[in-house]
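# Tertiary structure, described
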Amino acid sequence: MTGSEHSLANIPFLAPLDEPARKSLEQRARWLRHKPSETIIDRESDSRDVYFVVKGRVRVVNFSLSGREVTFDEMDEGGVFGELAALDGQPRSAGVVSLTDTLLAAVSPDTFLNMLRDHPDMAISLMQELAKIVRASTGRIMDLSTLGAHNRVHSEILREARLCAEDDANEARISPIPVHADIAARVSTTRETVARVLSDLAKQNLVKREKDALVVVDLERLEDLVDDVRDF
């Protein structure tokens, strides 16, 4: 592995560090490579390290007693995970698996906590990120408690479309095309249900498939579809 790969310069969370401090952190970090579909963290494990995604993509997951995968989040280059166990000393609350060839930098909980003490702006950034997680989890709980499976798929497609849409645009291209199993894992349903819902949306001219993207043709109509059920 070359020295240039041992860089944390592209991790937004670490932006408050000056170059000497960042270089020191790079030297103390453990550098780990994972191939696709490898387990990085097991749920309930006692490890406490915090991980920075230098290259690649990872997924935060849990599994039900029946073996169904439930997806909580996915992270690309620049992401940070493992901070909850470092903060409270409790076992891991979820597992993490690699989706692509992935390069990670892992730091000890003591190193991570000392950074937060030395850089209050980093601590505030972490609190803001945790607040986002709480808000997203609240929305997810509401959807799972109040929406049927078809409506949850609508909501997930809308969520992904919003992330891809340009400002003020009423159309969005989700690329690459979402995998049915991934959508099913996020909204706690089956791949067959996802396939049926997408087929129905296509018949309503709300979505269309292109070679490398799922196009949401009318964001406003999809939003109305989701909001009408939530308001019911």
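Check the entry above for the structure.
In short, a report on the structure. (Residues numbered from 1 in each chain as written. Predicted model: local features only at pLDDT ≥ 70, side-chain atom pairs only at ≥ 80, totals over all residues. Heavy atoms only, no water.)

### Observations concerning the nonpolar core
Proteins that are soluble and globular tend to have nonpolar side chains buried together. Ranked by internal contacts, the top residues of the largest apolar core, which has 21 residues, are Leu8, Phe13, Leu14, Phe52, Phe112 and Met115. For this core, the secondary structure elements donating two or more residues are β3 (50-55), β8 (102-107), α3 (109-118) and α4 (120-146). With near-sequence residues (within four places) excluded, methionine 115 lies in contact with Leu14, Leu17, Leu25, Phe52 and Met122. Ranked by size, the runner-up nonpolar core spans 20 residues in total, among them Val153, Ala184, Val207 and Val216. (Core = buried A, V, L, I, M, F, W, Y, C linked by side-chain atoms within 4.5 Å. Buried < 20%, exposed > 50% of the residue type's maximum accessible area, 1.4 Å probe, protein only. Helix = DSSP H or I, 4+ residues; strand = E, 2+ residues; numbered from the N terminus. Contact = heavy atoms within 4.5 Å.)

### Things to note about the pattern of salt bridges
In the structure shown here, the tally under the stated rule is 15 salt bridges. Between arginine 22 and glutamate 26 there is a salt bridge, with its nearest N and O atoms 2.7 Å apart. Here the residue arginine 22 and the residue glutamate 26 both occupy positions in helix α1 (residues 19-28), the gap between them amounting to four residues, near one helical turn. Here arginine 22 falls in the buried class, since its relative accessible area comes to 14%. Glutamate 26 gets classed as buried once you look at its relative accessible area, which sits at 7%. Salt bridges sharing partners connect three or more residues here, namely Arg57, Arg59, Glu74, Asp76, Glu156, Arg159, Glu160, Asp182 and Arg186. (Salt bridge = Lys/Arg side-chain N within 4 Å of Asp/Glu carboxyl O.)

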